[in-house]
Amino acid sequence: MKTRRILSLVLFLLFLASCAGNAPNTEDPPPPLIRVGFSQVGSESDWRLANTKSMTNALSEENGFELLFDNARQKQENQFLAIRNFIQQEVDYIVIAPISEYGWDSVLTEARDAGIPVIIMDRQIQVEDDSLYTCWIGSDFYNEGKIAVNWLDDQLALQKRTDEDINILHIQGTDGATAQLMRTKALEDAVAEREHWNIVAQLKGEYTEAKTYELVSEYLKTGESFDVIYSENDNMTFGALRALNEAGITHGRYGEVTVITFDAVREALQYCLNGKIDLCVECNPLHGPRVADIIRRLERGDSLSKKNYMEEISFSFSTLTPEIINAREY
Ligand code: GZL
């Protein structure tokens, strides 16, 4: 921020000097680019790739930004290194998509001491002093989970199965990610309130297809049966379905196992239209334009709300069409 203000002043003085000596200069110098350091979780899922694309498209040079991008490859220590590097390079803003909610106090204090505003995007963070970050933009992950459990309630009522024991295989995302914590809490709260719902196992799929395929293949060897898969992102769901298919277990609209998934990337919606997934709960990754708008408003000195939520919906076989899928951005 400091560098950019000094640069603006120098450019303005040069501009005045050019006016004094010659004919008025009709070509105003372009304003200096806003330098943004962005620390991204990784590239673990289709959702994450869509999120990165949205950010790089919005924070482009033609839009007035210089983007310094770092992929932490799902390791928080890589995020700390990247943020310290951004501070060294005296960026104007730091944007963080945090891997986990915890451990941010020290590095964000360094950013504040350097006078660099921090915007948190996607998952949230827990810090002693929330003035360490300017604002957050992301999803209401608990509400996403509520959408899923309320839909399951309705389906079981339609099928007259409200008094039947319902065994749920729960596939969780990265430990400590807000999406994991809140989607898990929504399911666990629902199970606590329903005497017939039972979580048979909680597998930690790390949001990846490969890890989940391995865990579900292993789990199926126990012979435990289950009626529902509640999977905290689409890529883990794809891994689980691959394992079910290999074991000859049917799933989806007419299958033995009801499938609930989160993110609603295009491939998951296609599975849903084909009757192989029952419910896709949207988690909107297209934060780029909103983050760019937040930075422009900060540049103007506008006030901002601390938390900014994305609008989200859900999709099932009965609401999806090929046109809806084709119109999706990710
Ligand atoms: C949710 C995001 C999660 C997605 C996963 O906002 O943090 O991380 O649900 C991604 O696909 O890996």
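Before any of the text, the structure's been laid out above.
Notes on the structure follow. Starting from 1, residues in each chain are numbered consecutively following that chain's sequence as written. In keeping with the predicted nature of the model, local features appear solely for residues at pLDDT of at least 70, side-chain atom pairs appear and are counted solely at 80 or more, and the whole-chain, interface and lining totals rest on all residues. Heavy atoms from the whole structure form the basis of all side-chain values; hydrogens and water molecules are not counted.

**Focus on the packing of aromatic side chains**
Argument step 1. Only the six-membered ring of Trp is used, alongside the rings of Phe and Tyr, when aromatic pairs are assigned; centres must lie within 6.5 Å, and planes under 30 degrees apart are stacked while those over 60 apart are edge-to-face, with the rest tilted. Going through the model one piece at a time under the given rule, you end up with 6 aromatic pairs.
Argument step 2. With a centroid separation of 6.1 Å and an interplanar angle of 45°, the aromatic rings of Tyr219 and Phe226 are classed as tilted. Each member of the pair Tyr219 and Phe226 is classed as buried.
Argument step 3. Stacked on the ring of Trp197, the Lys or Arg Arg194 has its end atom at 4.8 Å from the ring centre.
Argument step 4. To sit over a ring, a charge needs its Lys NZ or Arg CZ within 6 Å of the ring centre and within 35 degrees of the ring normal. Geometry around Tyr213 places Arg242 over its ring, the cationic atom sitting 3.9 Å from the centre. Relative accessibility under 20% of the residue-type maximum defines a buried residue, over 50% an exposed one, and the middle range a partly exposed one, all with a 1.4 Å probe and only protein chains included.

**Comments concerning the side chain of Arg328**
Argument step 1. Position of Arg328 among the secondary structure elements: in the segment after helix 11 (322-327).
Argument step 2. Looking at Arg328, the relative accessible area reads 15%, which means it is buried.
Argument step 3. In this structure the side chain of Arg328 is engaged in a polar contact, spanning 3.0 Å, whose partner is the side chain of Glu282.
Argument step 4. Residue contacts for Arg328: discarding those within four places in its chain leaves Ala264, Arg266, Leu269, Glu282 and Phe315. Numbered from the N terminus, helices here are DSSP runs of H or I no shorter than four residues, and strands are runs of E no shorter than two. Each polar contact in these results corresponds to two N or O atoms within 3.5 Å; when the atoms are within protein, one needs to be able to donate a hydrogen and the other to accept it, and residues that are neighboring in sequence are counted only if both atoms are side-chain atoms. It only takes one pair of heavy atoms within 4.5 Å for two residues to be counted as in contact.

**Thoughts on the nonpolar core**
Argument step 1. Grouped together as the largest cluster of nonpolar side chains are 22 residues, with contacts concentrated most on Val36, Leu59, Val95, Met121, Val291 and Ile295.
Argument step 2. Taken together, the elements giving at least two residues each to this core come down to strand 1 (34-40), helix 2 (46-58), strand 3 (93-96), strand 4 (118-121), strand 5 (135-138) and helix 10 (288-300).
Argument step 3. Take this core: its biggest share by element is 4 residues, from helix 10.
Argument step 4. Not counting chain neighbours up to four residues away, the residues in contact with Leu59 comprise Val36, Phe65, Leu67, Val291, Ala292 and Ile295.
Argument step 5. Ranked by size, the runner-up nonpolar core spans 21 residues in total, among them Phe80, Val91, Ile125 and Val127. The nonpolar core is taken to be a set of buried Ala, Val, Leu, Ile, Met, Phe, Trp, Tyr and Cys residues, with the residues joined through side-chain atoms within 4.5 Å.

**Overview of the site of the ligand**
Argument step 1. Surveying the vicinity of the ligand reveals 13 residues, the closest of which are Glu44, Asp122, Arg123, Asn233 and Asp263.
Argument step 2. Within the side chain of Ser45, one N or O atom sits 3.0 Å away from an oxygen atom of the ligand.
Argument step 3. Between the ligand and Asp122, the relevant distance is 2.3 Å, taken from an oxygen atom to a side-chain nitrogen or oxygen of the residue.
Argument step 4. Computed on the free molecule, the ligand has an accessible area of 320 Å², of which 100% lies beneath the protein chains in the complex.
Argument step 5. Of all the secondary structure elements, the ones that give two or more residues to the shell around the ligand are helix 2 and helix 6 (178-193). Residue proximity to a molecule or strand is established when one non-hydrogen atom of the residue lies within 4 Å of it. Each accessible area is a Shrake-Rupley estimate made with a 1.4 Å probe; only the visible protein chains count as cover when residues are assessed.

**As for the packing of helix 5 (residues 141-158) against helix 6**
Argument step 1. Only C-alpha atoms enter the line fits that serve as axes; for helices the fit covers just the stretch in contact. Angles between N-to-C directions range over 0 to 180 degrees. It is the contact of helix 5 with helix 6, at a shortest axis distance of 7 Å, that shows an interaxial angle of 40°. Relative to helix 6, the crossing made by helix 5 is right-handed. Residue-level inspection shows Phe141, Tyr142, Glu144, Gly145, Lys146 and Val149 of helix 5 in contact with helix 6, the latter providing Thr178, Ala179, Met182, Arg183, Lys185, Ala186, Leu187, Asp189 and Ala190.
Argument step 2. Any residue that is not Ala, Val, Leu, Ile, Met, Phe, Trp, Tyr, Cys, Pro, Asp, Glu, Lys or Arg is counted as polar, Gly included; the first ten are nonpolar and the last four charged. Looking at the contact of helix 5 with helix 6 residue by residue, the class counts come to 8 nonpolar, 2 polar and 5 charged. Handedness of a crossing follows from how the near helix is turned relative to the far one, being left-handed for an anticlockwise turn of less than a right angle and right-handed for a clockwise one.

**Quick notes on the pairing of strand 2 (residues 65-71)**
Argument step 1. The pairing of strand 1 with strand 2 spans 7 bridges and is parallel. The partner of Phe38 across the bridge, within strand 2, is Phe69.
Argument step 2. Note on handedness: a crossover is taken as right-handed if, strands pointing away from the viewer, the path from the first strand over the helix to the second is clockwise. Handedness of the crossover joining strand 1 and strand 2 through helix 2: right-handed. Pairing between strands requires that DSSP locate at least two bridges from one strand to the other.

**Topic: the environment of Asn233**
Argument step 1. Relative to the helices and strands, Asn233 resides in the loop between strand 8 (228-231) and helix 8 (234-246).
Argument step 2. What makes Asn233 buried here is its relative accessible area of 1%.
Argument step 3. Apart from residues no more than four positions distant in its own chain, Asn233 is found in contact with Ser45, Tyr207, Thr261, Phe262 and Asp263.
Argument step 4. Of note is the side chain of Asn233, whose polar atom sits 2.9 Å from the backbone nitrogen of Met236.

Keep in mind these values describe shape, not function.
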